[in-house]
Amino acid sequence: MTNPAPTNPTHQQRSAVVTGASTGIGEATVRALAADGWRVYAVARRAERLERLAAETGAVAVAADIAEDDDVARLLGEVEAGGGIDTLVNIAGGARGTDWVAESKTEDWEWMLRVNVVGTMKITRAFLPMLRATGHGTVLNLTSVAGLVAYEGGGGYNAAKFAERGMTRALRLEEAEHNVRVIEVLPGLVKTEEFSLRRLGGDAEAAEKVYAGVEEPLTSEDIADIVRYAVSVPHHVNLDEIVVRPVAQAAAHKLIRRG
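Residues numbered from 1 in each chain as written. Predicted model: local features only at pLDDT ≥ 70, side-chain atom pairs only at ≥ 80, totals over all residues. Heavy atoms only, no water.

## What about the overall build of the protein?
Selection criterion: Secondary structure is summarised from DSSP: a helix means a run of H or I of at least four residues, a strand means a run of E of at least two, and numbering begins at the N terminus for each. Our radius of gyration is a C-alpha quantity, and the globule rule it is checked against amounts to 2.2 Å times the number of residues to the power 0.38. The buried label applies to any residue whose accessible area, calculated with a 1.4 Å probe on protein chains only, is under 20% of its type's maximum; exposed applies above 50%, and partly exposed to all values in between. Contacts are assigned to residue pairs with any non-hydrogen atoms lying within 4.5 Å of each other. Here, Shrake-Rupley sampling with a 1.4 Å probe gives the accessible areas, and only protein chains in the shown set may cover a residue. Think of it this way: Lys and Arg go in the positive column, Asp and Glu in the negative one, and His and the chain ends go nowhere. The atoms used to mark charge sites are NZ of Lys, CZ of Arg, CG of Asp and CD of Glu.
The secondary structure content of the protein amounts to eight helices and eleven strands. Relative to the compact-globule value of 18 Å for 259 residues, the protein shows a C-alpha radius of gyration of 18 Å, a close match. Counting only C-alpha atoms and orienting by the principal axes, one finds that the protein spans roughly 50 × 40 × 40 Å. Within the protein, buried positions represent 51% of all 259 residues. Across the protein, the fraction of contacts at a sequence separation of at least 24, relative to all contacts at a separation of at least 6, is 69%. Accessible area of the protein: about 12100 Å², with a carbon and sulfur share of 52%. Here the protein carries 28 positive and 36 negative side-chain charges, and the mean point of each set is 3 Å from the other.

Here's what the structure looks like:
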């Protein structure tokens, strides 16, 4: 994907907070933005992984839980002390379980709503004054095609991603007058290090079956490249909603598996 010209050529360096940065799409996004010369604050709960990423990319590692008020306040203070940001990239999220609603586990639903919805709200709320003050702020939320179409065994994750998508669409309407653009990226099947493994309770064999026979599922780097492009185009260009699936996944109900 072609690297667009800088959004704000009078600014020497673009700057972003990227959540969910310790693995998968979040980590790949930190690498992509840092490679383009951005100052990046890499945020996640696992400090050791963040420190390794920071050593490799030059990003600033900040261990924080985005659903915890004290952690969000500490993160905001550190970013303010470092000169602020113009872009917030909300990658943190995830799924737990594949139970049907009749067998749902309350703790799984609470975790998914906390991480995908409440955490995204808290960090966005905290950084909006800073983003508004730049005059050209950007918020990008990574949601999912699970926020477009429901499926059996996906009730909890569907609920979380439908909610996060609704919040994103409302935010776009609310922040337009502040010249804050709001972008949503909705990936389909992405083969990452941990997503399916976490969702299936650490069962590596079951996690691998999710991708069995799919010749080319999307990768973390594929999505990171799309995120990098979307936040780098000139600011008057808003890629409101980007739905991206592998060619093998023609729709939520049609996935080509071979062999």
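## So, helix α5 (residues 155–175)
Basically, it comes down to this: Expected helix span is taken as 1.5 Å per residue step, with the number of steps being one fewer than the number of residues.
Between its first and last C-alpha, α5 extends 30 Å over 21 residues, near the 30 Å set by a 1.5 Å rise per residue. Of the positions making up α5, those classed as buried are Gly156, Tyr157, Asn158, Ala160, Lys161, Glu164, Arg165, Thr168, Leu171, Arg172 and Glu175.

## Quick word on the sheet that holds strand β2 (residues 39–44)
Put simply, the rule reads: Paired strands are those between which DSSP finds at least two bridges. Inter-axis angles, ranging from 0 to 180 degrees, are taken between N-to-C directions of lines fitted to C-alpha atoms, where helices are fitted over the stretch in contact.
With parallel pairing, seven strands are arranged side by side in an open sheet as β3-β2-β1-β4-β5-β6-β9. Both outer strands of the open sheet, β3 (60–63) and β9 (241–244), are each paired with one neighbouring strand and no more. When the angles between neighbouring strand axes are averaged without regard to direction, this sheet yields 15°. Bridge analysis of strand β4 (residues 87–90) against strand β5 (residues 138–142) gives four bridges, and the strand direction is parallel. Within β5, the residue paired with Val89 across the bridge is Leu140. In the packing of helix α2 (residues 47–57) onto the sheet, contacts are made with β2 and β3, and the angle to β3 comes to roughly 175°. Along the sheet, helix α3 (residues 69–81) makes contact with β1 (15–19), β2 and β3, crossing β3 at roughly 160°.

## Observations concerning the pairing of β1
Across the five residues that make up β1, a large majority, five, are buried. The alternating pattern of β1 places Ser15, Val17 and Thr19 on one face and Ala16 and Val18 on the opposite face, and all of these are buried. Pairing of β1 with β2 involves five bridges; the strand directions are parallel. Across the sheet, Thr19 pairs through a bridge with Val43, a residue of β2. Sheet analysis places β1 next to β4, joined by three bridges and oriented parallel. Across the sheet, residue Ala16 finds its bridge partner in β4, namely Thr87.

## Regarding helix α4 (residues 106–134)
How we decide: Each residue is assigned a bend, namely the angle between axes fitted to the seven residues that terminate at it and the seven residues that start at it.
End to end, α4 covers 41 Å across 29 residues, agreeing with the expected 42 Å (1.5 Å per residue, within 8%). Phe127 marks the point of greatest bend in α4, at about 45°, and the proline Pro129 comes within the next four residues.

## Quick look at the packing of α4 against α5
The following threshold applies: Should an angle fall under 35 degrees it is called roughly parallel, over 145 degrees roughly antiparallel, and 65 to 115 degrees roughly perpendicular, with every other angle called oblique. Definitions for this section: a left-handed crossing has its near helix turned counterclockwise from the far helix by less than a right angle. A right-handed crossing has that turn clockwise.
Remark: α4 packs on α5, axes separated minimally by 8 Å, with the N-to-C direction vectors making an angle of 15°. Considered as vectors, α4 and α5 are oriented roughly parallel to each other. Between α4 and α5 lies a crossing whose hand is right-handed. Taken together, the residues of α5 that come into contact with α4 (itself represented by Trp109, Met112, Leu113, Asn116, Val117, Thr120, Met121, Thr124, Leu128 and Arg132) are Gly155, Gly156, Tyr157, Ala159, Ala160, Lys161, Ala163, Glu164, Met167, Leu171 and Glu175.

## Re the nonpolar core
Heads up, the rule is: We define a nonpolar core as any set of buried Ala, Val, Leu, Ile, Met, Phe, Trp, Tyr and Cys residues linked to one another through side-chain atoms lying within 4.5 Å.
Ranked by size, the top nonpolar core spans 29 residues in total, and within it Val30, Val40, Leu140, Val185 and Ile223 carry the most contacts. Listing elements by their share of this core, those giving two or more residues are β1, α1 (24–35), β2, α2, β5, β6 (181–187), α8 (220–232) and β9. Sort the elements by how many residues they give to this core and α8 lands first, with five residues. In contact with Val30, other than residues within four places in its own chain, are Val18, Ala21, Val40, Ala42, Leu53, Thr57 and Ala59. In terms of nonpolar packing, the next biggest core, distinct from the first, is built from 24 residues, Leu75, Ala92, Leu131 and Val180 among them.

## As for a nonpolar patch on the surface
Our working rule: Within this analysis, patches are made of residues with over 30% relative accessible area and no salt bridge. Like charges are joined at 9 Å or less; nonpolar side chains (Val, Leu, Ile, Met, Phe, Trp, Tyr) at 5 Å or less. Each reported salt bridge corresponds to a side-chain nitrogen of Lys or Arg within 4 Å of a carboxyl oxygen of Asp or Glu.
Residues Leu148, Val149 and Val243 make up a contiguous nonpolar surface patch of roughly 200 Å² in combined accessible area. For Val243, the location among the structural elements is in strand β9. Since its relative accessible area comes to 41%, Val243 is described here as partly exposed.

## Quick word on the confidence of the model for the protein
Note the cut-off: The predictor rates its confidence in each residue with pLDDT, a number between 0 and 100.
With 92% of its residues at a pLDDT of 70 or more, the protein has an overall mean of 92. Throughout residues 5–11 the model reports pLDDT below 50, and contacts reaching past four residues in sequence, or to other chains, amount to twelve contacts.

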